[in-house]
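Chain and residue survey
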Amino acid sequence: MLSVRMQNALNAQINAELWSAYLYLSMSMAATDKGLKGIANWFAIQFKEEQDHAQIFINYIHSRGGRVTLAPIAEVDTEWDTALAMFEQTLTHERKVTSLINDLYNLAIEEKDHATKNMLDWFIDEQVEEEESARDIIDQLNMVEGNKFGLYMLDKEMAARTYSTPSPLATAE
Ligand code: MG
């Protein structure tokens, strides 16, 4: 069984993932308002992925016979001056999520909870990707800074991003 400490920490992470989902949904709508449909698509997919992250933790708690408790989701920003500002906040936020996942991992080690540690391995890798993709887009936005055609082309490219079910959910069925 999950320890109370581990269960509470996993429940807190569900809230953090849902807050991330809410943040990216807000960014998606802000991008739509700016006419950046590709960036809106990118964040809409990010919104789905964050809900998936929460679902992975929910499924895991249930598989261990634990109890999920949903807490209120705190408010998120609703306006950004530029697309660059959105991705800078995305990177800052994902770095914070990485540190939360690391804290969970450390707790699992401390509690000698090997099953939780194994489940978290996927998230450790996922966070490397999350930070890398935010950094890549920041680099690209900096390259086209002040160039509207460049932003138009980059936005078009981001419209091509498609959603796929993350492996822990794809194999859970
Ligand atoms: Mg996440």
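A brief report on the enclosed structure follows. Quantities reported herein were computed from a predicted structural model and do not represent experimental measurements.

Conventions adopted
Residues numbered from 1 in each chain as written. Predicted model: local features only at pLDDT ≥ 70, side-chain atom pairs only at ≥ 80, totals over all residues. Heavy atoms only, no water. Salt bridge = Lys/Arg side-chain N within 4 Å of Asp/Glu carboxyl O. Helix = DSSP H or I, 4+ residues; strand = E, 2+ residues; numbered from the N terminus. Buried < 20%, exposed > 50% of the residue type's maximum accessible area, 1.4 Å probe, protein only.

All right, on to the pattern of salt bridges then. Evaluated as defined, the whole model comprises four salt bridges. Here Glu110 and Arg5 are joined by a salt bridge, their closest N and O atoms 3.0 Å apart. Of this pair, Glu110 sits in helix α3 (residues 83-110) while Arg5 sits in helix α1 (residues 4-33), and the two are 105 residues apart along the sequence. Exposure remark for Glu110: the relative accessible area of 53% places this residue in the exposed category. Arg5 gets classed as partly exposed once you look at its relative accessible area, which sits at 47%. With its nearest N and O atoms 3.2 Å apart, the salt bridge here joins Arg161 to Glu49. You can see Arg161 sitting in the loop between α5 (148-158) and α6 (167-170) and its partner Glu49 sitting in helix α2 (residues 37-63), a full 112 residues away along the chain. Taking relative accessible area as the criterion, Glu49 reaches 16% and is therefore assigned buried.

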